[in-house]
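# Structural features, examined
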Amino acid sequence: MRKRTPTTSDTPSPETDRQFVTALSRGLDVLRCFRPRDRAGLSNRDIAERTGLPNSTISRLTYTLLQTGYLLYDEQTGRYRIGVPALSLGFACLGSLPIRDAAKDHMQRLADYAGDGVQVALGARDDHTVTYLACARADHGMMSLQLGVGSRISLARSAMGRAYIAGCKPEERAEILEALADHHGPERWPAILDGIHAAAAQIAEKGFYVNYGDWHEGVHSLAVPFPMASDAAPDMALNLGGPAPFLTKDRMENDLGPRLLEIAKSLRLHATQV
């Protein structure tokens, strides 16, 4: 498994690249547009709006995915849901990441130490979002972020996303920033870019980045980039987050941030020895 190749001036576009199978790419775009909150399913029109593809194309793609089991169709509502075969792809991905298993105990200990409402997660980039690959919550916590494995959060605004951007290679970072500028638009992008630059500066100085409500009001979070040396695994990031009252600035900056950074250092050492 190779990491996504960053786009450069020498990289062929999908329109001119003979190796690129457009139909396959569009089918995968259909699967990726589903979210955990879409419990009622999505109609062809919903999928067209999310992917930007023509309705006629969506109809052919959903028919094909239905015939192969990757989508299920509810005749009463006219909506599609993700089929079980898609789940096997996700578990195959998780099973191919040994660093995920190595991280779980470290993450759980930190979550238990941090206490009420705190969650620790490991994630990797998926287009303009970050997808959670592993999560840990305090066993005795009364409040908690309702995020689990497979949840996607903002690449541009979350602590984890900004840490990922700071830790990736310059070519990928340039590609990401160009794509995010287009995604968020000229009115919102300058302020978001300032936050991304501030995160990179914090990480360069302290090794971790602290986000006070930029992702969600009332949620404080911190993150550490976790780039992988091998192209056989995706670059990642670690984060810790929870309700602001439990995560004061002093705790984040002087206690939990350094602890999360130590976990990242320990896992990097582990990765080099596997």
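A brief report on the enclosed structure follows. All values reported here derive from a predicted model rather than from experimental measurement. (Residues numbered from 1 in each chain as written. Predicted model: local features only at pLDDT ≥ 70, side-chain atom pairs only at ≥ 80, totals over all residues. Heavy atoms only, no water.)

A few words on the side chain of T129. Within the element layout of this structure, T129 appears in strand 4 (residues 129-137). In this structure the side chain of T129 is engaged in a polar contact, spanning 2.8 Å, whose partner is the backbone oxygen of D126. Ignoring anything within four residues of it in the chain, the contact list for T129 reads A124, R152, I153 and L155. (Helix = DSSP H or I, 4+ residues; strand = E, 2+ residues; numbered from the N terminus. Polar contact = N/O pair within 3.5 Å; in protein donor to acceptor, adjacent residues only side chain to side chain. Contact = heavy atoms within 4.5 Å.)

We note that D127 has phi near 60°; this positive angle belongs to a residue other than glycine. Considering the arrangement of structural elements, one finds D127 in the loop between strand 3 (119-126) and strand 4.

Attention now goes to the pairing of strand 2 (residues 79-82). By the bridge criterion, four bridges tie strand 1 (residues 71-74) to strand 2 in an arrangement that is antiparallel. The residue of strand 2 that forms the bridge with Y73 is Y80. A loop of four residues connects strand 1 with strand 2, the two strands running antiparallel in sequence, and G78 in this loop sits at a positive phi of about 70°. (Pairing = 2+ DSSP bridges.)

Its 13 residues give helix 3 (residues 55-67) an end-to-end C-alpha distance of 18 Å, which sits within 8% of 18 Å, the value for a rise of 1.5 Å per residue. Turning to helix 3, its buried residues are T57, I58, L61, T62 and L65. Considered in projection along helix 3, the buried side chains sweep an arc of 125° and stay on one side of the axis. Turned more than 90 degrees off the buried face of helix 3, the exposed positions are R60, Y63 and Q67. Those residues of helix 3 that are buried are in contact with helix 1 (22-32), helix 2 (44-51), strand 1 and strand 2. One or two positions beyond helix 3, positive phi appears at G69, with a value near 90°. (Expected span 1.5 Å × (residues − 1). Buried < 20%, exposed > 50% of the residue type's maximum accessible area, 1.4 Å probe, protein only. Arc of directions from axis to C-beta.)

On inspection of all chains with the given rule, the structure shows 12 salt bridges. The salt bridge involving R259 is made with D255; its shortest N-O contact spans 2.6 Å. In this pair, R259 and D255 both sit in helix 8 (residues 249-273), four residues apart, roughly one turn of the helix. For E262, the salt bridge identified is with K265, shortest N-O distance 3.8 Å. Taken together, the residues E262 and K265, both in helix 8 and three residues apart, mark about one turn of the helix. Shared partners join several salt bridges into a network, and the residues in it are R32, D126 and R152. (Salt bridge = Lys/Arg side-chain N within 4 Å of Asp/Glu carboxyl O.)

Interaxial distance between helix 2 and helix 3 falls to 9 Å at its minimum, and their mutual angle equals 115°. By the angle class used here, helix 2 and helix 3 are roughly perpendicular. Note on packing geometry: the crossing formed by helix 2 with helix 3 is right-handed. Taking contact as the criterion, the partners of N44, R45, I47, A48 and T51 in helix 2 are, on helix 3, N55, I58, S59 and T62. In terms of residue class, the contact of helix 2 with helix 3 is built from three nonpolar, five polar and one charged. (Axes fitted to C-alpha atoms, helices over the stretch in contact; angles between N-to-C directions. Parallel < 35°, antiparallel > 145°, perpendicular 65-115°, else oblique. Left-handed = near helix turned anticlockwise from the far one by under 90°. Nonpolar A, V, L, I, M, F, W, Y, C, P; charged D, E, K, R; others polar.)

It is worth spelling out a nonpolar patch on the surface at this point. The grouping of V21, L24 and L28 at the surface amounts to a nonpolar patch, some 280 Å² of accessible area in total. One can find L28 in helix 1. (Patch = residues over 30% accessible without salt bridge, like charges linked within 9 Å, V, L, I, M, F, W, Y side chains within 5 Å. Areas by Shrake-Rupley, 256 points an atom, 1.4 Å probe, with all protein chains shown as cover.)

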